[in-house]
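# Structure at a glance
The primary structure of each chain is shown beneath.
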Amino acid sequence: MKIYYLLFNFYHVLFCFSNPTVTFDEFFDYTTYPFLSFSSNDEYLLFHSRYPLWNNNSYSHNLWIYNIENKQKILITENLHPSIKPKWSPTGNYIALTLNNDQNLYLYSVQSNELVSIRIGNETIPLGFTWSKYDFSFYLVALTNKEKNVIEFQINDEISTIFEINFDRNQLFAPININFIKNISFLINEIIYVPSVDQLVFTSVRIIMENIEDFEIYSINLQNSSFLLVKLTNNEAIEEDLQLSIDDSNEILFRTLSLCSTKKQFNDTQGRLYSMNLINGNMKQIGKHFSGNIIGYANQFNGNILILGQLGTQVHIYTKQLLKEDLIHHHGWNGTYESIVISNKKNLIAFVHSSFNKPMEIYFIDNIDELNLAKSITNNNQLFIQRNLPQGIVYTWTNQDDNQTIEGILHYPPDKFQSKNLPLLVLIHGGPYYASVNHLNYNGGYWAPLAATQGWLVLEPNYRGSTGYGDEFLNQIRHRPLSLPGNDILFGIDNLIRDGLVDSKRLAVGGYSYGGFLTNWLITQTQRFNVALSGSGAIDLSSTWGMLDMPVLIENLFGGFPWNVPDLYKNESPIYYLDKVRTPTHIVTGEIDTRVPSSQSYIFERALYSRGIPVQLITFPNEGHALNNNPWHQKIKVREELKWLHKYGNQISQ
């Protein structure tokens, strides 16, 4: 028996070591799929793939058309605009799209496989578009360039212009007919056409998010010659993901994220789903008994709606049936489902899925009750199946101050699952209204698995304010936006040490965006961390409120402006506790970051340098908050952070 046992263990170890771990370079060669859409005739699936082009210092944004019958795909373009979604024509014979760094519109003919440019003028910048009820007409939303002699901080002249564009389907190269519809005194984010009432419905947005009331849904009636603008919503929420209801031609569907202001007319909520009747204005919440976070949906012709719902660290598929209130949970794979779409007639379903040990791909199925049988139609990330990936589990602890249960994700180094006395890296998610979930999306912001391959046990805590744990859990971060989640994290570290999983003398902390906020806060509250990685974080919340492009978030978290609750702003700002910092700190920021101004990182670096604390600041040129203009920047960010961890983290040599 002992001989067989030894043989079993030998082959088990041999199998575990048969696949190599992910290398640093491989980690960043990862493809994502931001967009899926079925054609109206159920014959094709359109999808967008994104991956880095290292030699070009850019990303490839490929648009593919997949033939459902013969399972073949055709590349339409390698230069799709990254944020303006393509749209199918009503019959499915054409696709309207825009290209990156190109102010023209393009039409792709499915029948002829031609991509034709539609010139709309050099002074017009497309923001979005929607087809009319015909294949030869669509509505364009554009921003018109204006020359300015000075730079205005308050941009009060954000004007969107709506045009109707008509073209000859038989002569795509012929001149087009452009008709002016209306100027709108705000930027339009999304737009759809509702044929049953002949209306355009769209969402408003501002470059600087100062008032949550600036984000609403509007409509204009195209049968009215004055095109009167009608405001359809009046709530403290960001509305997005507009879709037509297939079951009721007079209804639209949309998701919301609520951020209550000091007016306190509404409560903060996770992602919610609503329908609105355009005839009588009635609005109702869909899936109102679901306690988690709704991050996506797709509606069926029978009135049912498939919903992507996050509960804890899982994002699964649920059905809201027409005559039932409660959602039906479909038990498929564990992990994260994204970008779900349904065809109009045959109820064909496509989605993106990934998990800790399963890379992101697009899957296709014709029966929602057979999710486990879905087949992938892409294989761009197959390399990662051939790698020995870190194993992730959910880890739970209690904040001893108020007995609130907190959970997070633990990533074990490959072949060290459930090992003891490991060095710990706490990587904190941004948001704060976000969460770390069971997925695989390798990039410079989500690099916990890469850190694990370097020998770190990585904890991703879902602190108070995270989504997926109920609205009360989300709201508890208000008025204690750093100290409360900071304590949640510290109690998690204490628990890991008590469980024997972590070496208390080898602790590191880091995060980006709000994760950077919390990193900066934590190293002012304790000296237990050997090393810190601060990415685009803030240290003075009053000046941050005055300079970032989303001041409504800071007002929301603090429950008022700096002059309303000055003590709270001071008590929760790391800058007033920098005399307590002893932790060597690595800082990164984007040169033109307006979400979290780079000046916060400059002040932080100067303060630590003045105090003799080891510090390094890297600023990435021509990069905003997401660091997504040049793929090398995310790669360099993580490379330098790993160097800093190796230098100061007391990490055992591998």
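Residues numbered from 1 in each chain as written. Predicted model: local features only at pLDDT ≥ 70, side-chain atom pairs only at ≥ 80, totals over all residues. Heavy atoms only, no water.

### Description of the overall build of the chain
Rules: Each helix is a run of DSSP H or I of at least 4 residues and each strand a run of E of at least 2, with the numbering of both proceeding from the N terminus. The atom set for the radius of gyration is the C-alpha atoms, and the globule formula is 2.2 Å times the number of residues raised to the power 0.38. In this scheme, a residue with accessible area under 20% of its type's maximum is buried, one over 50% is exposed, and one in between is partly exposed, where area comes from a 1.4 Å probe on protein chains only. Here, two residues are considered to be in contact whenever any of their heavy atoms come within 4.5 Å of each other. Methods summary: accessible areas were calculated by the Shrake-Rupley approach with a probe of 1.4 Å, and residue burial reflects only the protein chains presented. Counting rule applied: Lys, Arg positive; Asp, Glu negative; His and chain ends not counted. Where a charge lies is defined by one atom per residue type, namely NZ (Lys), CZ (Arg), CG (Asp) and CD (Glu).
Helix and strand content of the chain: eleven helices and 36 strands. Computed over the C-alpha atoms, the radius of gyration of the chain is 26 Å, within 12% of the 26 Å expected from 2.2 N^0.38 for a compact globule of 654 residues. With the principal axes as the frame, the chain shows a C-alpha extent of 75 × 70 × 50 Å. Here the chain holds 654 residues, and the buried ones make up 58% of them. Looking at the chain alone, contacts between residues at least 24 apart form 57% of all its contacts between residues at least 6 apart. Of the roughly 28,100 Å² of accessible surface on the chain, a fraction of 49% belongs to carbon and sulfur atoms. The average position of the 47 basic charges and that of the 61 acidic charges among the side chains of the chain differ by 6 Å.

### Details of helix α11 (residues 631-648)
This is how it is decided: Residue count minus one, scaled by 1.5 Å, sets the expected span of a helix. Polar contact criterion, stated in full: a pair of N or O atoms within 3.5 Å, where within protein one must be able to donate a hydrogen and the other to accept it, and residues adjacent in sequence count only if both atoms are side-chain atoms.
Here α11 contains 18 residues, and its C-alpha end-to-end distance of 26 Å stays within 8% of the 26 Å for a straight helix at 1.5 Å per residue. Among the residues of α11, Pro631, His633, Gln634, Lys635, Lys637, Val638, Glu640, Glu641, Leu642, Trp644 and Leu645 are the ones counted as buried. Of the residues flanking the start of α11, the one acting as N-cap is Asn630, its side-chain oxygen 2.9 Å from the backbone nitrogen of Trp632. One or two steps after α11, the chain reaches Asn650, where phi turns positive at roughly 55°.

### A look at helix α5 (residues 483-498)
Over its 16 residues, α5 extends 22 Å from the first C-alpha to the last, a length consistent with the 22 Å expected when each residue adds 1.5 Å. For α5, the buried fraction is high: twelve of the 16 residues fall into the buried class. Turning to α5, its buried residues are Ser483, Leu484, Pro485, Gly486, Asp488, Ile489, Leu490, Phe491, Gly492, Ile493, Asn495 and Leu496. Once α5 ends, the next one or two residues include Gly500, with phi positive near 80°.

### Here's the deal with the environment of Tyr569
On the secondary structure map, Tyr569 appears in helix α9 (residues 566-571). According to the relative accessible area criterion, Tyr569 is buried, its value standing at 1%. Sequence-wise, Tyr569 and Pro481 are 88 residues apart; in three dimensions their C-alpha atoms are separated by 9.7 Å. For Tyr569, the residues in contact, after removing those within four places along its chain, are Leu541, Ser542, Trp545, Ile554, Glu555, Phe558, Gly560, Phe561 and Pro562.

### What about the pairing of strand β23 (residues 314-320)?
Basically, it comes down to this: Two strands qualify as a pair provided DSSP detects at least 2 bridges between them.
Among the seven residues in β23, seven count as buried, and that is most of the element. Side chains of β23 alternate between two faces, with Gln314, His316, Tyr318 and Lys320 and Val315, Ile317 and Thr319 buried alike. In this structure, strand β22 (residues 305-311) lies alongside β23, joined through seven bridges in antiparallel fashion. Within the sheet, the bridge partner assigned to Leu308 lies in β23 and is Ile317. As paired elements, β23 and strand β24 (residues 328-330) share three bridges and run antiparallel to each other. Its bridge partner being in β24, Tyr318 is matched across the sheet by His329.

### Comments concerning the packing of aromatic side chains
Test applied: What counts as a ring pair is set by centres within 6.5 Å for rings of Phe, Tyr and Trp (its six-membered ring), and what kind of pair is set by the plane angle: stacked under 30 degrees, edge-to-face over 60, tilted for all other angles.
Within this structure, the stated rule accounts for 36 aromatic pairs. Their ring planes at 70° and their centres at 5.0 Å tell us that Trp54 and Trp632 sit as a pair that is edge-to-face. One end of the pair, Trp54, is in the loop between β2 (44-53) and β3 (58-67); the other, Trp632, is in helix α11, with 578 residues separating them in the sequence. For Trp54, a relative accessible area of 18% translates into the label buried. Judged by its relative accessible area of 32%, Trp632 is partly exposed. Taking the centre distance of 5.9 Å and the plane angle of 20° together, the rings of Phe351 and Tyr363 count as stacked. You can see Phe351 sitting in strand β26 (residues 349-355) and its partner Tyr363 sitting in strand β27 (residues 358-365), a full twelve residues away along the chain. Residue Phe351 is classed as buried on the basis of its relative accessible area of 0%. On the basis of relative accessible area, Tyr363 is assigned to the buried category, the value being 7%. Among the aromatic residues, ring-to-ring pairing joins Phe24, Phe27, Phe28, Tyr30, Phe384 and Tyr442 into one connected group.

### Quick word on the side chain of His81
With respect to the helices, strands and loops of the structure, His81 is situated in the loop between β4 (72-77) and β5 (87-88). Look past the residues within four positions of His81 in its chain and what remains in contact with it is Thr98, Leu99 and Asn100.

### A few points about the pattern of salt bridges
Just so we agree on the cut-off: In the sections that follow, a salt bridge refers to a side-chain nitrogen of Lys or Arg positioned within 4 Å of a carboxyl oxygen of Asp or Glu.
On inspection of all chains with the given rule, the structure shows 14 salt bridges. One connected set of salt bridges, linked through shared partners, spans Glu240, Asp241 and Arg255.

### Section: the side chain of Ser40
Turning to its location among the elements, Ser40 is positioned in the loop between β1 (32-38) and β2. The class of Ser40 is buried, set by a relative accessible area of 17%. Looking at Ser40, its side chain comes within polar contact range of the main-chain oxygen of Thr91, at 3.5 Å. Only 3.2 Å separates the side chain of Ser40 from the backbone nitrogen of Gly92, close enough to count as a polar contact. Contacts of Ser40, omitting those with residues within four sequence positions, involve Ser89, Pro90, Thr91, Gly92, Asn344 and Lys345.

### Some thoughts on the confidence of the model for the chain
We apply this condition: Per-residue confidence from the prediction method is given by pLDDT, with values spanning 0 to 100.
Across the chain, the average pLDDT comes to 91, with 93% of residues at or above 70. Segment residues 1-16: pLDDT under 50, and two contacts once partners within four positions in sequence are set aside and those in other chains are kept.

### Quick notes on the sheet that holds strand β30 (residues 404-412)
The test is simple: Here, axes are lines fitted to C-alpha atoms. For helices the fit covers the stretch in contact, and angles between N-to-C directions go from 0 to 180 degrees.
Spatially, β29-β30-β32-β31-β33-β34-β35-β36 is the arrangement adopted by the eight strands of the open sheet, whose pairing is mixed. Either end of the sheet is taken by a strand with one partner, and the two such strands are β29 (391-399) and β36 (615-620). With direction set aside, neighbouring strand axes in the sheet form an average angle of 20°. Bridge count for β30 against strand β32 (residues 457-462) is five bridges, and the pairing is antiparallel. Bridge assignment links Gly408 to a residue of β32, and that residue is Pro461. Contacting β29, β30, β31 (422-428), β32 and β33 (502-512), α5 crosses the sheet at an angle of about 110° to β29.

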